[in-house]
Amino acid sequence: MRVKCVICDTVNDLDDNSPLAKKLRNRPIHTYMCEPCRDRITIKTEQRLATGNFRLFRTSSPIDEDF
């Protein structure tokens, strides 16, 4: 399966039977990100977390709480 990174537009080949390929095939909302881009984002996120100024908002809207 050929996939394209959403950030750097590099094209990579995945094994058709790998779990990631199956996830991308069955759920089109998931996107592929290559390992260098994933590592770069992980490092930068960890640096922002270390500063103490980074807040992660994981609250749901009041409409969702009613359900």
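Refer to the structure above for everything that follows.
Residues numbered from 1 in each chain as written. Predicted model: local features only at pLDDT ≥ 70, side-chain atom pairs only at ≥ 80, totals over all residues. Heavy atoms only, no water.

Asker: A description of the overall build of the protein chain should follow, citing residues and the corresponding values.
Answerer: When helices and strands are counted, the protein chain shows 3 helices and 2 strands. For the protein chain, the sequential pattern of α-helices and β-strands runs β-β-α-α-α. Split into buried and exposed, the 67 residues of the protein chain put 13% on the buried side. Long-range pairs, those at least 24 residues apart, make up 33% of the contacts in the protein chain with a sequence separation of at least 6. Surface exposure of the protein chain reaches about 6000 Å², of which carbon and sulfur atoms provide 52%. (Helix = DSSP H or I, 4+ residues; strand = E, 2+ residues; numbered from the N terminus. Buried < 20%, exposed > 50% of the residue type's maximum accessible area, 1.4 Å probe, protein only. Contact = heavy atoms within 4.5 Å. Areas by Shrake-Rupley, 256 points an atom, 1.4 Å probe, with all protein chains shown as cover.)

Asker: Before we move on, can you summarise the state of the cysteines with the specific residues and values?
Answerer: One pass over the full model with this rule turns up 0 disulfides. No disulfide involves C8; its sulfur sits 3.6 Å from that of C34, the nearest cysteine. Take C8: its relative accessible area is 35%, and that puts it in the partly exposed class. Here C34 stays free of any disulfide, with the sulfur of C37 as its closest cysteine sulfur at 3.4 Å. (Disulfide = S-S within 2.5 Å.)

Asker: Describe unusual backbone geometry, with residues and values.
Answerer: Positive phi is not limited to glycine here, since D9 has a value of about 60 degrees. Along the chain, D9 falls in the loop between strand 1 (2-4) and strand 2 (11-13).

Asker: An account of the environment of D13 is needed here, citing residue identities and associated values.
Answerer: Its location among the elements puts D13 in strand 2. Along the primary structure D13 and V3 are separated by 10 residues, whereas in three dimensions their C-alpha atoms are 6.2 Å apart. Apart from the residues within four sequence positions on either side, D13 is in contact with M1 and R2.

Asker: Describe the nonpolar core, and please don't skip the residues or the numbers.
Answerer: V3, C5, L14, A21, L24, Y32, C34 and C37 together form the largest nonpolar core, which totals 8 residues. Apart from the residues lying within four places of it in its own chain, the contact partners of L14 are M1, V3, L20, A21, L24 and Y32. (Core = buried A, V, L, I, M, F, W, Y, C linked by side-chain atoms within 4.5 Å.)

Asker: Mind laying out the environment of H30, listing which residues take part and the relevant values?
Answerer: Following the sequence through the fold, H30 ends up in the loop between helix 1 (19-26) and helix 2 (35-51). Sequence separation between H30 and L20 is 10 residues; the distance between their C-alpha atoms is 9.8 Å. Sequence-distant contacts of H30, that is, excluding residues within four places in its chain, are made with K23 and L24.

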